[in-house]
Amino acid sequence: LHVAIHDALNAIDRRYESYLPALPAAPSASADAAVAAAAREVLLTLLPEQAVLVEAEYARTLSATREGPAKAAGIATGRAAAWAILNHRQGDGADTAAQPAYVPGSGPGEYQFTPPFDFAAQPGWGNVRPFVIELHEHATEGPQALASEQYARDFAYVKDIGHAASTTRTPEQSEIARFWYEDSPLGWNRIANTVVRQRGFDAWEAARAFALVHLAMADGFIAGFDAKYRYRFWRPVTAIHAAATDGNASTEADPTWESFLVTPPVPDYPSTHTVLGWAAAEVLIDLFGDRVPYRMTSLTLPGVTRHYRGFSQAAEENGMSRVYAGIHFRHAVRDGRRQGRSIGQAVAQALAPVR
């Protein structure tokens, strides 16, 4: 959607490189009509169940645009941009990413289904074709060895601070866990939208910003899931229950241990929540710098507003929230940070200004 909007606007006035080969120039086209048409085509194709909402918003937007050749040209340009990217992504692997179903192993360190789930989500998402990056350039080193001192330290930390009844986790850390529990794209869209509006970006600048943020997060998901299902590392709840099997004398099992928040149904390493947060943050840092005050809310902790002085602060908090929640080891977060920063810095160089 955001790539289509970006490319449609740059057919009207080429300020930035297009994602796909440039569309025919349409200098007299209506920008508002082009944006609306590009969004409509993508949304109706990918989310047909939202057709009523999409069509209502599309009609509302077009009603504010004067009839005439500019409007017609804008609609045609938007549609062309949408179908260019939709056709380009055909066969990218997203449609088959849920197959084949994941079959857990039984050895120590092996990811097991975590309650209340009896499946692992999107085991093939790492096979989806990236939008910008080359996966091998952003690879991770893998989980810690179960017998290592480093693993024992991470084990003890999450066992203590991430326990449902932890007395170590502070009230603010509990708030951070709940606040950042929502899906990463929700929170980082909210941050990007807030700052884009604060800075008064025009349509072209805003379209590029959102396209880059989404390209970074999309490639972050792909790279993160590629590593998740290559290493298949167990989650803290499984590791703590089965610590007697890990071969590490410094870990102690607790079969009654429960995490503070529910563990998502995917392997531990790396934390893709962290990958996406840092990928988006690096794009925003490239656009705005890292000394930007803003505030944000969360769908998973209504009524709470948190204040930030930059993007790296939010990304750091976003990552650590998963440890406070008891659902990731710190190593998964640390390596997620490295991978996310690498991806974000690479994607930030795309769609460069042409003048």
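Provided above is the structure to which this section pertains.
Residues numbered from 1 in each chain as written. Predicted model: local features only at pLDDT ≥ 70, side-chain atom pairs only at ≥ 80, totals over all residues. Heavy atoms only, no water.

(A) Structural view of the overall build of the protein chain. Tallying secondary structure elements over the protein chain gives twelve helices and two strands in all. The order of α-helices and β-strands along the protein chain, N terminus first, is α-α-α-α-α-α-α-α-α-α-β-β-α-α. Computed over C-alpha atoms, the radius of gyration of the protein chain comes to 22 Å, within 12% of the 20 Å expected from 2.2 N^0.38 for 355 residues, which places it in the range of a compact globule. Counting only C-alpha atoms and orienting by the principal axes, one finds that the protein chain spans roughly 75 × 40 × 40 Å. Burial status across the protein chain gives 51% buried among its 355 residues. By sequence separation, contacts in the protein chain at least 24 residues apart represent 79% of the contacts at least 6 residues apart. Roughly 16,000 Å² of accessible area belongs to the protein chain as shown, and the carbon and sulfur atoms make up 54% of that amount. Computed over 32 positive and 38 negative side-chain charges, the separation of the two mean positions in the protein chain equals 5 Å. (Helix = DSSP H or I, 4+ residues; strand = E, 2+ residues; numbered from the N terminus. Rg over C-alpha atoms; globule rule 2.2 N^0.38 Å. Buried < 20%, exposed > 50% of the residue type's maximum accessible area, 1.4 Å probe, protein only. Contact = heavy atoms within 4.5 Å. Areas by Shrake-Rupley, 256 points an atom, 1.4 Å probe, with all protein chains shown as cover. Lys, Arg positive; Asp, Glu negative; His and termini not counted. Charge placed at Lys NZ, Arg CZ, Asp CG, Glu CD.)

(B) How the structure looks around the side chain of Arg 235. Structurally, Arg 235 is set in the loop between helix 8 (203-231) and helix 9 (236-241). Despite being buried, Arg 235 has no salt bridge partner; Asp 268 is the closest side chain of opposite charge, sitting 4.7 Å away. Side-chain polar atoms of Arg 235 contact the side chain of His 328, separated by 3.2 Å. Once you skip the residues sitting within four places of it in the chain, Arg 235 turns out to touch Tyr 111, Thr 114, Lys 228, Thr 263, Pro 264, Val 266, Pro 267, Asp 268, Ile 327, His 328 and Phe 329. (Salt bridge = Lys/Arg side-chain N within 4 Å of Asp/Glu carboxyl O. Polar contact = N/O pair within 3.5 Å; in protein donor to acceptor, adjacent residues only side chain to side chain.)

(C) Geometry of the environment of Ala 242. For Ala 242, the position within the fold is in the loop between helix 9 and helix 10 (272-288). Under the relative-accessibility criterion, Ala 242 is labelled partly exposed at 23%. The spatial distance from the C-alpha of Ala 242 to the C-alpha of Arg 66 is 66 Å, given a sequence separation of 176 residues.

(D) Here's a closer look at unusual backbone geometry. Of note, the bond from Pro 115 into Pro 116 is cis; its omega dihedral lies within 30 degrees of zero at 5°. Mapped onto the secondary structure, Pro 116 falls in the loop between helix 4 (69-88) and helix 5 (149-161). Following Tyr 269, the chain continues to Pro 270 via a peptide bond in cis, the omega torsion being -10°. A positive phi angle, near 45°, is found at Gln 122, a position not held by glycine. When you line up the elements, Gln 122 lands in the loop between helix 4 and helix 5. Taking relative accessible area as the criterion, Gln 122 reaches 32% and is therefore assigned partly exposed.

(E) Up close: the nonpolar core. Formed by 90 residues in total, the largest nonpolar core has its most connected members in Trp 180, Trp 188, Ile 191 and Phe 311. Here the element with the most residues in this core is helix 8; it accounts for twelve residues. Residues contacting Ile 191, with those up to four places away along its chain left out, are Trp 180, Leu 284, Tyr 294, Met 296, Phe 311 and Ala 314. (Core = buried A, V, L, I, M, F, W, Y, C linked by side-chain atoms within 4.5 Å.)

(F) Just the pattern of salt bridges, in detail. In total, this model carries 20 salt bridges according to the counting rule given. Here Glu 110 makes a salt bridge to Arg 232, at a shortest N to O gap of 2.7 Å. Note that Glu 110 is positioned in the loop between helix 4 and helix 5 and Arg 232 in the loop between helix 8 and helix 9, a separation of 122 residues in sequence. Relative accessible area serves as the criterion here: at 18%, Glu 110 is assigned to the buried category. For Arg 232, a relative accessible area of 25% corresponds to the partly exposed category.

(G) Quick peek at helix 5. With 13 residues, helix 5 extends 18 Å from end C-alpha to end C-alpha; this agrees with the ideal 18 Å at 1.5 Å per step. Three or more residues of helix 5 are buried, namely Tyr 151, Ala 152, Asp 154, Phe 155, Val 158 and Ile 161. Against helix 6 (171-179), helix 9, helix 11 (311-324) and helix 12 (330-347) lie the buried residues of helix 5. (Expected span 1.5 Å × (residues − 1).)

(H) Expanded view of the packing of helix 6 against helix 11. It is the contact of helix 6 with helix 11, at a shortest axis distance of 8 Å, that shows an interaxial angle of 105°. Taken together, the axis directions place helix 6 and helix 11 in an arrangement best described as roughly perpendicular. Along the contact surface, helix 6 presents Gln 173, Ile 176 and Ala 177, while helix 11 presents Glu 317, Ser 321 and Tyr 324. Of the residues contributing to the contact of helix 6 with helix 11, the split by class is three nonpolar, two polar and one charged. (Axes fitted to C-alpha atoms, helices over the stretch in contact; angles between N-to-C directions. Parallel < 35°, antiparallel > 145°, perpendicular 65-115°, else oblique. Nonpolar A, V, L, I, M, F, W, Y, C, P; charged D, E, K, R; others polar.)

(I) Local environment of the side chain of Asp 268. By the secondary structure assignment, Asp 268 is in the loop between helix 9 and helix 10. Among the polar contacts listed, one links the side chain of Asp 268 to the backbone nitrogen of Phe 329, at a separation of 3.2 Å. Each residue touching Asp 268, except ones within four places of it in the same chain, is listed here: Lys 228, Phe 233, Trp 234, Arg 235, Pro 236, Ile 327, His 328, Phe 329 and Ala 332.

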